[in-house]
Amino acid sequence: MTLPLTLPSPPRPHRLPPYGRPAPGAPSHTSLGPVRILRWPEQAHQLDQCRAQGVPRLLLVAPTAPPPHCVDQLEDWIRTPADPQDVHARQAALQVRAAPRDPVLDQHGILHFADQAVPLGQGEADLVAVLLSSYRGTVGREDLTRRMWPAGEMPRRNALDVRVLRLRRRLAPLGLVIKTVWGKGYMLDTQPDAQAANRCAPGGE
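Residues numbered from 1 in each chain as written. Predicted model: local features only at pLDDT ≥ 70, side-chain atom pairs only at ≥ 80, totals over all residues. Heavy atoms only, no water.

Peer 1: Please provide a residue-by-residue account of the overall build of the protein chain, values included.
Peer 2: Along the protein chain, the regular secondary structure elements total five helices and 10 strands. Among the 205 residues that make up the protein chain, the fraction classed as buried is 37%. When the accessible surface of the protein chain is totalled, it reaches about 12000 Å², and 54% of it is carbon and sulfur. (Helix = DSSP H or I, 4+ residues; strand = E, 2+ residues; numbered from the N terminus. Buried < 20%, exposed > 50% of the residue type's maximum accessible area, 1.4 Å probe, protein only. Areas by Shrake-Rupley, 256 points an atom, 1.4 Å probe, with all protein chains shown as cover.)

Rendered as structure tokens:
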């Protein structure tokens, strides 16, 4: 059974799904978690904002409107009138796609992130392991040096910088970056466009 998405009066919460007509003065979209619900093509301007901000969004396409072109994996659409269960299922799928996924270093020294993987040498893997222990947090230079080189072993003055430079090149294809926190140390983080290469256009109905 499908329910109309445009009603002459505000819907009663116990009967209609959360994507029904909003009450006067309420936002023109509702959401399940971080997913924005937008009407297409009426809310094309809000759609542009969501795309620019990387906000996951589900488009409710008018019955006679041409389907939108979804630009990445954080966007999906469904034609109205739509079954509430179908709408909620698509919202849930978008939430999964939008969920942050941290990089993982396995026991073989292979770093996995964003559905990709790169094998690391022993020294590279050791450095990544330390940075991962404080993922998106700063690890001090002294702490890195102490954990990378055994007691009594004196590395060259720029040994840590050289190793970080080489590792940056290895991690770049994964969309990961080692940031320099001046005067403090280093931070492992994701590039702003880390998922750009993996974008896809989900299908709609």
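From this point, the narrative continues.
Peer 1: Please set out the sheet that holds strand β6 (residues 110-113) residue by residue, giving values where relevant.
Peer 2: Strands sit in the order β5-β6-β7 across an open sheet of three strands; the sheet is antiparallel. What marks the edges here is a single partner per strand, and that holds for β5 (104-105) and β7 (116-119). In terms of strand pairing, β6 meets β7 through four bridges, oriented antiparallel. Within β7, the position partnered with H112 by the bridge is A117. (Pairing = 2+ DSSP bridges.)

Peer 1: Please set out the pattern of salt bridges residue by residue, giving values where relevant.
Peer 2: Charged atoms that come close allow side chains of opposite charge to pair. Tallying each qualifying case throughout the model produces 10 salt bridges. Measuring nitrogen to oxygen at the nearest pair gives 2.8 Å for the salt bridge that ties E75 to R57. Of this pair, E75 sits in strand β4 (residues 75-79) while R57 sits in strand β3 (residues 57-61), and the two are 18 residues apart along the sequence. On the basis of relative accessibility, which here comes to 0%, the residue R57 falls in the buried class. (Salt bridge = Lys/Arg side-chain N within 4 Å of Asp/Glu carboxyl O.)

Peer 1: With reference to specific residues and values, describe the sheet that holds strand β8 (residues 138-140).
Peer 2: The three strands are arranged β8-β10-β9 in an open sheet whose pairing can be described as antiparallel. In this open sheet, the two edge strands, each paired with only one partner strand, are β8 and β9 (176-181). Taking each pair of neighbouring strands and ignoring which way they run, the sheet shows an average axis angle of 30 degrees. With three bridges connecting them, β8 and strand β10 (residues 185-190) associate as antiparallel partners. Across the sheet, residue G140 finds its bridge partner in β10, namely G185. (Axes fitted to C-alpha atoms, helices over the stretch in contact; angles between N-to-C directions.)

Peer 1: Which residues make up helix α5 (residues 159-171), and what values go with them?
Peer 2: With 13 residues, α5 should reach 18 Å at 1.5 Å per residue; the first-to-last C-alpha distance of 18 Å fits that figure. For α5, every residue scored as buried is listed here: A159, L160, V164, L167 and L171. For α5, the angular spread of buried residues about the axis comes to 125 degrees, placing them on one side. Every exposed residue of α5 that faces more than 90 degrees away from the buried side is listed here: R166 and R169. Lining the buried residues of α5 we find β6, α3 (122-132), α4 (141-148), β9 and β10. (Expected span 1.5 Å × (residues − 1). Arc of directions from axis to C-beta. Contact = heavy atoms within 4.5 Å.)

Peer 1: Tell me about the confidence of the model for the protein chain, residues and numbers included.
Peer 2: Considering every residue of the protein chain, the mean pLDDT works out to 79; 76% of them sit at 70 or more. Every residue in residues 1-33 scores below 50 in pLDDT, and together they form 61 contacts with partners more than four places removed in sequence or on other chains. (pLDDT = per-residue confidence, 0-100.)

Peer 1: How would you summarise the packing of α4 against α5 if you had to cite specific residues and measurements?
Peer 2: Viewed as axis vectors pointing N to C, α4 and α5 meet at an angle of 85 degrees, and their least axial separation amounts to 11 Å. As judged from the angle between their axes, α4 and α5 are roughly perpendicular. Across the interface between the two elements, R141, L144, T145 and M148 of α4 pack against L160, D161 and R163 of α5. Residue composition of the contact of α4 with α5, grouped by class: three nonpolar, one polar and three charged. (Parallel < 35°, antiparallel > 145°, perpendicular 65-115°, else oblique. Nonpolar A, V, L, I, M, F, W, Y, C, P; charged D, E, K, R; others polar.)

Peer 1: If you had to explain the pairing of β9 to someone new, which residues and values would you point to?
Peer 2: Pairing geometry for β9 and β10, over six bridges, is antiparallel. Paired with L176 across the two strands is T190, which belongs to β10. The hairpin formed by β9 and β10 contains three residues between the paired strands, and G183 there has a positive phi angle of roughly 80 degrees.

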